[in-house]
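Below, each chain spelled out in residue letters.
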Amino acid sequence: MKKIKSALISVFYKTGLEDIVRELHKNNVEIYSTGGTQAFIEKLGVPVIAVEDLTEYPSILGGRVKTLHPKIFGGILNRRGLSSDQETISEYGIPSLDLVIVDLYPFEEVCSQGGSHDEIIEKIDIGGISLIRAAAKNFNDVMVLSSINQYERFLSILKEQGANTTEDQRKKFAGEAFQISSHYDTSIHAYFAPNDSSSLKISNPNSRPLRYGENPHQGGFFFGKFEEMFEQLNGKELSYNNLLDVDAAVNLILEFKDAQPTFGILKHNNACGFSSRETIKEAYIAALAGDPVSAFGGVLVSNTLIDADTAELINDLFCEVLIAPEFEEGALSILKQKKNRIILKSKVFERSKKIVRTALNGFLVQDRDDKTETEKDLNCVTREKPSEKEISDLLFANKISKHTKSNTIVLAKDNQLLASGTGQTSRVDALKQSIQKAKLFGFDLNGAVMASDAFFPFPDCVEIANKEGIKTVIQPGGSIKDNLSIDYCDKNEMKMVFTGIRHFKH
């Protein structure tokens, strides 16, 4: 163990510091500090030496330069076991500093709160980050605390070991210090170059261990601030697969945030039931009718409040997760009867603008698909024009298609998902799958609309659809053989609109 004889403390937030200061004083540790931290320690009645008295140099440039001095960094970086280092610090009257407690200026916090450019720049820490790196580098002799989240652990060390630390403890805290400094620099880079594609820099210190990954033999973690997105009102810890489904459910329901009451049921990231109705109860009933078999064990999502009447119906279904922006008290009482059912109250939050995934020995990065077609984007390419009701169904189906695994075909009628073909190797197979499934659950396809995530290279899909009574189609268009599908539609009095936007999802 190594004894802490002297400490440098310079922090932005003082929360949790008092107990550490008092414990250090109790162990006769000499404390150096500056500015607001020095004043805080003095108010505790604990002796403290001003950094300015050590350096014989005042804080200058409005506080920009306080600790950047050889007497500070020499005190941290000197190697206690190297005689030449000890001769140097003795010659220049530099005291060894065995403990450094620093937290950084809240750069990310000021950015997230909409601070001005000048305010943000002033929250780029220079001295603090240098102190952290110096102390972490010299962990063989120096203990470094770089986050308020470490205070409780360090206080326990002080109480159990006195002012003594082991090499393993110092190395552990040093590793955390470099993680904090790395994340800090990544955040600053993101502010200065938000669209820089010359390198990939991702840093998220908010690690949440999961029970396992996609399968029980795989480890898994979630990195993010889940509590900023949801308030969990009931249920067990979310799994890796739960989180993937929740992500898919949220992305889909956001397409309907300003729509009438809308309810979705998802399984393996795809909607198996989806509907918009006058009430959320009616929307749930219609969504469940889309595929009551796949709904078992699914993730349920609503764009509006869940009332007690709807909760009574939901309670009859085994589901993993239920997401809504609000719940009536009576609804929660019903839904909480099943202790493992995960109930999430969704909040307004900002999604990442980029999608990142691993590929080969690297990463693929793309912009999020934020394009949602409206009636203005529809280009009718057939003689027959869709009615307003059909346009409503086309846009409804197109949104679902956008969030379904490719190749996909979505069939809908009266703002209800009838069926979809998901993740098929051919568009024809996707259509056949959706038709078979719709018929299995008793839907009449006459008057239904068909949405495709990509163009039809041949007229076979519109031919199959027509034979089933599906007369209205939405697709991106763009095939060199578009005219074959258009000609078939015109000959059979079908209606087809192009959006000009493909929505592959792999």
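Coordinates for the structure precede this section.
Computed from a prediction, not measured in an experiment: that's the story for all the values here.

Caption draft 1: Main features of the layout of surface pockets. As a volume, the second largest pocket reaches approximately 470 Å³. Surrounding the second largest pocket, 27 residues form its lining, Gly 63, Arg 64, Lys 66, Tyr 105 and Asp 125 being those nearest its centre. Elements with a minimum of two residues in the lining of the second largest pocket: helix 2 (35-43), helix 7 (117-122) and helix 8 (127-137). Here the lining of the second largest pocket is built from residues that sort into 10 nonpolar, 10 polar and seven charged.

Caption draft 2: Broad picture of unusual backbone geometry. Residues Ser 406 and Asn 407 are joined by a peptide bond in cis, for which omega reads -10 degrees. Position of Asn 407 among the secondary structure elements: in the loop between helix 16 (388-402) and strand 19 (409-413). The backbone of His 268 shows a phi angle near 50 degrees, a positive value even though the residue is not glycine. For His 268, the position within the fold is in the loop between strand 11 (262-267) and strand 12 (270-276).

Caption draft 3: Inspection of the pairing of strand 19 at higher detail. Most of strand 19 sits out of view: five of its five residues are buried. Of the pairings in the sheet, the one linking strand 19 to strand 20 (residues 416-421) comprises five bridges and is antiparallel in character. Bridging from a neighbouring strand, Ile 409 pairs with Gly 421 of strand 20. Remark: two residues form the turn of the hairpin made by strand 19 and strand 20, two consecutive strands paired antiparallel; Asp 414 in that turn has positive phi of roughly 55 degrees. Summarising the sheet, strand 19 and strand 21 (residues 449-452) pair through four bridges and their orientation is antiparallel. When the sheet's bridge partners are listed, Ile 409 is paired in strand 21 with Ser 452.

Caption draft 4: Inspection of the sheet that holds strand 4 (residues 49-50) at higher detail. Here we have five strands laid out as an open sheet, ordered 4-3-2-5-6, and parallel in their pairing. Whereas interior strands pair on both sides, the edge strands pair on one side only; in this sheet they are strand 4 and strand 6 (143-145). Pairing between strand 2 (residues 6-10) and strand 3 (residues 30-33): four bridges, direction parallel. Bridging from a neighbouring strand, Leu 8 pairs with Tyr 32 of strand 3.

Caption draft 5: Molecular detail of the side chain of Arg 170. Looking at the element boundaries, Arg 170 is found in helix 10 (residues 167-192). Excluding anything up to four places from it in sequence, Arg 170 contacts Lys 2, Phe 139, Asn 140, Asp 141, Val 142, Met 143 and Thr 165.

Caption draft 6: Representation of the environment of Thr 88. For Thr 88, the location among the structural elements is in helix 5 (residues 83-91). The class for Thr 88 is partly exposed, based on a relative accessible area of 38%.

Caption draft 7: Quick look at the pattern of salt bridges. Applying the stated criterion across every chain, the model contains 22 salt bridges. A salt bridge links Lys 225 to Glu 228; the nearest nitrogen and oxygen atoms lie 3.8 Å apart. With a relative accessible area of 47%, Glu 228 lands in the partly exposed category. Between Lys 354 and Asp 367 there is a salt bridge; the shortest N-O distance is 2.5 Å. Here Lys 354, found in strand 16 (residues 354-359), pairs with Asp 367, found in strand 17 (residues 362-367); they are 13 residues apart in sequence, far enough to count as distant. By relative accessible area, which is 37% here, Lys 354 ends up partly exposed. Salt bridges here are not isolated pairs; linked through shared partners, they connect Arg 153, Lys 172 and Glu 176.

Caption draft 8: Representation of the packing of aromatic side chains. In the structure shown here, the tally under the stated rule is 14 aromatic pairs. Pairing Phe 256 with Phe 396 gives two aromatic rings, centres 5.7 Å apart and planes at 65 degrees, and the pair type is edge-to-face. With Phe 256 in the loop between helix 12 (240-253) and strand 11 and Phe 396 in helix 16, this residue pair connects regions lying 140 residues apart in the sequence. Phe 396 shares its class with Phe 256; the two are buried. Counting every residue linked through ring pairs, the aromatic cluster contains Phe 107, Tyr 184, Tyr 191 and Phe 192. Over the aromatic face of Phe 173 sits the side chain of Arg 153, whose NZ or CZ is 4.8 Å from the ring centroid.

Caption draft 9: Structural context of the packing of helix 18 (residues 460-467) against helix 19 (residues 482-491). Relative orientation of the contacting elements helix 18 and helix 19 amounts to 20 degrees, with a least axis distance of 8 Å. Here helix 18 lies roughly parallel to helix 19, going by the angle between them. With respect to the hand of their crossing, helix 18 and helix 19 are arranged in right-handed fashion. Where helix 18 abuts helix 19, its residues Val 462, Glu 463 and Asn 466 lie against Ser 485, Tyr 488 and Cys 489. For the contact of helix 18 with helix 19, the residue count by class is three nonpolar, two polar and one charged.

Caption draft 10: Representation of the side chain of Asn 78 in the model. With respect to the helices, strands and loops of the structure, Asn 78 is situated in the loop between helix 4 (70-77) and helix 5. A distance of 3.0 Å separates a polar side-chain atom of Asn 78 from the backbone oxygen of Gly 74. Here Asn 78 is in contact with Asp 85, Gln 86, Ile 89, Ser 96, Asn 138 and Asp 141, once residues within four sequence places are set aside.

Caption draft 11: Spatial organisation of the packing of helix 17 (residues 427-440) against helix 18. Running from amino to carboxyl end, helix 17 crosses helix 18 at an angle of 15 degrees, the nearest separation of the two axes being 9 Å. With respect to each other, helix 17 and helix 18 are oriented roughly parallel. Two packed elements cross with a definite hand, and for helix 17 against helix 18 that hand is right-handed. On helix 18, the residues touching Arg 427, Val 428, Leu 431, Lys 432 and Ile 435 of helix 17 are Asp 460, Cys 461, Ile 464 and Ala 465. Taken together, the residues of the contact of helix 17 with helix 18 sort by class into six nonpolar, no polar and three charged.

Caption draft 12: Quick look at the environment of Asp 377. For Asp 377, the position within the fold is in the loop between strand 17 and strand 18 (379-380). Given a relative accessible area of 25%, Asp 377 falls into the partly exposed group. Distance from Asp 377 to Gly 235, taken between C-alpha atoms, is 42 Å for residues 142 residues apart in sequence. Among all residues touching Asp 377, those that are not within four sequence positions of it are Lys 371, Thr 372, Phe 498 and Thr 499. Here Thr 374 takes part through its backbone nitrogen, which lies 2.8 Å from a polar atom of the side chain of Asp 377.

Caption draft 13: Expanded view of the pairing of strand 21. A two-sided burial pattern is seen for strand 21, the buried positions comprising Val 449 and Ala 451 on one face and Met 450 and Ser 452 on the other. Summarising the sheet, strand 21 and strand 22 (residues 472-475) pair through three bridges and their orientation is parallel. Looking at the pairing, Ala 451 lines up with Ile 474 of strand 22.

How each quantity is defined
Residues numbered from 1 in each chain as written. Predicted model: local features only at pLDDT ≥ 70, side-chain atom pairs only at ≥ 80, totals over all residues. Heavy atoms only, no water. 1 Å grid on protein atoms, 1.4 Å probe; cavity = no way out; pocket = protein on both sides within 12 Å on 5 of 7 lines; lining within 4 Å. Points joined across faces, edges and corners; volume = space filled by probe spheres on them. Helix = DSSP H or I, 4+ residues; strand = E, 2+ residues; numbered from the N terminus. Nonpolar A, V, L, I, M, F, W, Y, C, P; charged D, E, K, R; others polar. Buried < 20%, exposed > 50% of the residue type's maximum accessible area, 1.4 Å probe, protein only. Pairing = 2+ DSSP bridges. Contact = heavy atoms within 4.5 Å. Salt bridge = Lys/Arg side-chain N within 4 Å of Asp/Glu carboxyl O. Phe/Tyr/Trp six-rings, centres within 6.5 Å; stacked < 30°, edge-to-face > 60°. Lys NZ or Arg CZ within 6 Å of the ring centre and 35° of its normal. Axes fitted to C-alpha atoms, helices over the stretch in contact; angles between N-to-C directions. Parallel < 35°, antiparallel > 145°, perpendicular 65-115°, else oblique. Left-handed = near helix turned anticlockwise from the far one by under 90°. Polar contact = N/O pair within 3.5 Å; in protein donor to acceptor, adjacent residues only side chain to side chain.

By themselves, these observations are geometric and do not establish any function.
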